[in-house]
Amino acid sequence: MAISSRSRRSAKPIRQSGRTLVVVLMAVLTCLLSAPAGAGSASADATRSSLRLFVMGDSIAGGSDEGGYGSHGWPALVAARLGLTLTLDGEGGTGYTTAGPQPGRRAYPQRVDDAVAAAPDVVIVEGSRNDLDPTRSKAAAVDTLRRLRAGLPHARILVIGPIYSDPQPVASRPVDDAVAAVADEVPLPYVSAVRRAWFTGSAHQFIGSDGVHPTDAGHVYLADQISPEVSRLLGY
């Protein structure tokens, strides 16, 4: 009888806990149902806007008199589409091996420290058609890309090769092949504008009158090509 009596007394709090659990679950469900529509997507958007994008490149990234300055450039367009905060380091005439003809500009290896100091979540290195010697380009790309990887171990890094403006498809370009080989060794994802035939055929209409640089419409076209690559890196 004593055992049976303890069983009855212990059953009361168990039943009470069950009622409490039901009340709590109903309250949680009510909160979920009353939450504003889109609250989850707003949280995701807030997370994206806190991510930082750093773009290192030449005038194809920095813009030219043909188009692509400021908000019209593909770096700004990609950042806007994906909700990222942009730091742009695009210097015309530069590349892995050259600082270009204008004073004060630097080749890519000399700009790595700036990229690391910016502490970005995503880095795009573009170029460069200003590099002419594939052997020197490969050595400079090794220096640049390995130091970026070591200095930003958690960042997503995308390497885009030289962006030429060939009206017809070209099978390969020596500098593109050299930079691609380095990216594969590091390893980092690589996009070959040569192999994908950017700006060839009908897309050549997006190249300006100088025959080299994209127009504003050309930068929109570049953003169309590059945004999906960055999305994949981020898992969007």
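In this text the structure is predicted, and so the values were computed from the model without any measurement.

Draft legend 1. A look at empty space enclosed by the protein. All chains considered together, the criterion is met by one cavity of 30 Å³ or more. Here the largest cavity defines a volume of roughly 70 Å³. Residues belonging to the lining of the largest cavity are distributed by class as follows: eight nonpolar, two polar and one charged.

Draft legend 2. Focus on the environment of threonine 94. Positionally, threonine 94 belongs in the loop between β2 (85-90) and α5 (112-117). Taking the C-alpha atoms as reference, threonine 94 lies 8.8 Å from glycine 127; in sequence the two are 33 residues apart. Residues in contact with threonine 94, not counting those within four places in the same chain, are Gly57, Asp58, Ala99, Gly100, Arg105, Arg106, Tyr108, Arg111, Ser128 and Asn130. In terms of polar contacts, threonine 94 uses its side chain to reach the side chain of arginine 111, at 3.0 Å.

Draft legend 3. View of the packing of helix α6 (residues 134-151) against helix α7 (residues 174-185). At their nearest, the axes of α6 and α7 sit 9 Å apart, and the two run at 30° to each other. The angle between α6 and α7 falls in the class roughly parallel. Between α6 and α7 lies a crossing of right-handed hand. Contacts between α6 and α7 involve Pro134, Ser137, Lys138, Ala141, Val142, Leu145 and Arg146 from the former and Pro174, Val175, Ala178, Ala181, Val182, Ala183 and Glu185 from the latter. Looking at the contact of α6 with α7 residue by residue, the class counts come to 10 nonpolar, one polar and three charged.

Draft legend 4. Region of interest: the confidence of the model for the protein chain. Overall, the predicted model of the protein chain reaches an average pLDDT of 86, with 79% of residues at or above 70. Counting interchain partners and residues more than four positions distant, the pLDDT-below-50 stretch residues 1-35 has zero contacts. Across residues 37-44 the pLDDT falls below 50, and counting only partners more than four positions away or on other chains, this stretch makes zero contacts in the model.

Draft legend 5. Inspection of helix α8 (residues 216-234) at higher detail. Here α8 spans 26 Å end to end across 19 residues, near enough to the 27 Å set by a 1.5 Å rise per residue. Where α8 bends most, the angle comes to about 30°, and this point is isoleucine 226, followed within four residues by the proline proline 228. Along α8, the residues classified as buried are Gly218, His219, Tyr221, Leu222, Ala223, Ile226, Ser227, Glu229, Val230, Ser231 and Leu234. Those residues of α8 hidden inside the fold are in contact with α3 (59-62), α4 (74-82), β3 (122-126), β4 (156-160) and β5 (190-191).

The rules behind these values
- Residues numbered from 1 in each chain as written.
- Predicted model: local features only at pLDDT ≥ 70, side-chain atom pairs only at ≥ 80, totals over all residues.
- Heavy atoms only, no water.
- 1 Å grid on protein atoms, 1.4 Å probe; cavity = no way out; pocket = protein on both sides within 12 Å on 5 of 7 lines; lining within 4 Å.
- Points joined across faces, edges and corners; volume = space filled by probe spheres on them.
- Nonpolar A, V, L, I, M, F, W, Y, C, P; charged D, E, K, R; others polar.
- Helix = DSSP H or I, 4+ residues; strand = E, 2+ residues; numbered from the N terminus.
- Contact = heavy atoms within 4.5 Å.
- Polar contact = N/O pair within 3.5 Å; in protein donor to acceptor, adjacent residues only side chain to side chain.
- Axes fitted to C-alpha atoms, helices over the stretch in contact; angles between N-to-C directions.
- Parallel < 35°, antiparallel > 145°, perpendicular 65-115°, else oblique.
- Left-handed = near helix turned anticlockwise from the far one by under 90°.
- pLDDT = per-residue confidence, 0-100.
- Expected span 1.5 Å × (residues − 1).
- Bend = angle between axes of the 7 residues up to and from the residue.
- Buried < 20%, exposed > 50% of the residue type's maximum accessible area, 1.4 Å probe, protein only.

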